[in-house]
Each structure stands twice: as C-alpha cells, then as structure tokens.
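# Residue-level structural notes
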Amino acid sequence: MVLVFLFLLALRGVSEGHAFPDHSDPRVGSTITASPAKVRIWFDGELEPVFCIISVKDMSGKKVDKGDGHVNASDPTLLEASLQPLSPGNYQVAWSVVARDGHRTEGNYLFTVK
Ligand SMILES: [Cu+2]
C-alpha cells in the first residue's frame, strides 16, 4: 500500500512540466507603433505541434491572423502566427498548447497598436 502510494507520487513528479509562456513578441500588454508581421510566443518547454492553437482577434472579435498558426519547425518552444496589416487598436492573442508531458495550458493577452 505504501509502495503504491510512493510510486504514484513518483509518476506525478515526472509528469510535472507543462508549458507556460516565457515571453512573447509583441510583449504582453505592450503598445507598439507599427503593425507586427507576426505574433510569437516562446514557451518554457517543448510543445506538441498537432495540439497547439494560436489566434489573434481585434476587439470586435474579427480574426486578424492569417490562419497559419503553428509551432516553429526548428524551435519546438515557439508558437507563432502571421498577421494581416493591423490598424491602430487593441488586439487579443489566445493560445492553447499541449506540452510533451501531454498537459494542456491556455491563456490570452492583449497588445495595442498605436
Ligand atoms: Cu504537465
């Protein structure tokens, strides 16, 4: 009984490490003066490309990314999407990823184009 419990604890230890954003471009909450070509989010661990989603919308909910959101082929910690030309305003980036340990994390943030 005790051994089983210890074994479960060990498994749990191994499964830690789902991916969280480390930094992004544009940065969270930032105001930038030019329309960026892309949104890029770097995570603190490698992602499972098939299960990762990124979308960018304006405040009316209109999609402004080009629908090409993907994990970068040469950097499995980088999730990115190309953008249509953005007019001044606020934009929301939403992301949902699965890390190599199979755990999903998701979140969103805003940036402003001036
Ligand atoms: Cu995890």
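Residues numbered from 1 in each chain as written. Predicted model: local features only at pLDDT ≥ 70, side-chain atom pairs only at ≥ 80, totals over all residues. Heavy atoms only, no water.

## Some points on the coordination of the copper ion
Ideal geometry at a metal centre: 109.5 degrees between donors when four sit tetrahedrally, and 90 or 180 degrees when six sit octahedrally. Note on the copper ion: its protein donors are His18 (ND1), Asp101 (OD) and His103 (ND1). The metal-donor distances range over 1.9 to 2.0 Å. Sequence spacing of the donor residues for the copper ion, all on one chain, is H-x82-D-x1-H. Take Asp101: its relative accessible area is 26%, and that puts it in the partly exposed class. Taking relative accessible area as the criterion, His103 reaches 30% and is therefore assigned partly exposed. (Donors = N, O, S within 2.8 Å, 3.2 Å for Na, K, Ca; no water. Buried < 20%, exposed > 50% of the residue type's maximum accessible area, 1.4 Å probe, protein only.)

## Details of the sheet that holds strand 3 (residues 38-43)
One open sheet accounts for four strands, arranged 1-3-6-5; its pairing is antiparallel. One side of each edge strand has no neighbouring strand; the edge strands of this open sheet are strand 1 (21-25) and strand 5 (70-71). Taken together, the four bridges between strand 1 and strand 3 define a ladder with antiparallel strand orientation. Within strand 3, the position partnered with Ser24 by the bridge is Ile41. (Pairing = 2+ DSSP bridges. Helix = DSSP H or I, 4+ residues; strand = E, 2+ residues; numbered from the N terminus.)

## Remarks on the packing of aromatic side chains
According to the stated counting rule, one finds two aromatic pairs in the structure shown. Taking the centre distance of 5.1 Å and the plane angle of 75° together, the rings of Phe43 and Trp95 count as edge-to-face. You can see Phe43 sitting in strand 3 and its partner Trp95 sitting in strand 7 (residues 89-98), a full 52 residues away along the chain. Taking the relative accessible area as the measure of exposure, Phe43 reaches 5% and is therefore buried. (Phe/Tyr/Trp six-rings, centres within 6.5 Å; stacked < 30°, edge-to-face > 60°.)

## Overview of the pairing of strand 6 (residues 78-82)
In terms of burial, strand 6 is largely enclosed, as five of its five residues are buried. Side-chain alternation along strand 6 places Leu78, Glu80 and Ser82 on one buried face and Leu79 and Ala81 on a second face that is also buried. Here strand 3 pairs with strand 6 via five bridges, running antiparallel. Among the inter-strand pairings, Trp42 is bridged to a residue of strand 6, identified as Leu78. If you look at the hairpin formed by strand 5 and strand 6, you'll find six residues sitting between the two strands.

## Things to note about the sheet that holds strand 4 (residues 53-58)
On the basis of which strands lie adjacent, the open sheet formed by four strands has the order 2-8-7-4 and mixed pairing. For this open sheet the edge positions go to strand 2 (31-32) and strand 4, each flanked by a neighbour on one side alone. Across six bridges, the pairing between strand 4 and strand 7 is antiparallel. When the sheet's bridge partners are listed, Ser55 is paired in strand 7 with Ala94.

## Topic: the pattern of salt bridges
Overall, the coordinates contain five salt bridges when judged by the stated rule. The residue Arg100 makes a salt bridge to Glu46 at a minimum N-O spacing of 2.6 Å. Residue Arg100 is located in the loop between strand 7 and strand 8 (104-113), and its partner Glu46 is located in the loop between strand 3 and strand 4; the two are separated by 54 residues in the primary sequence. With relative accessibility at 37%, the residue Glu46 sits in the partly exposed group. In this structure, a network of salt bridges that share partners links the residues Glu46, Glu48 and Arg100. (Salt bridge = Lys/Arg side-chain N within 4 Å of Asp/Glu carboxyl O.)

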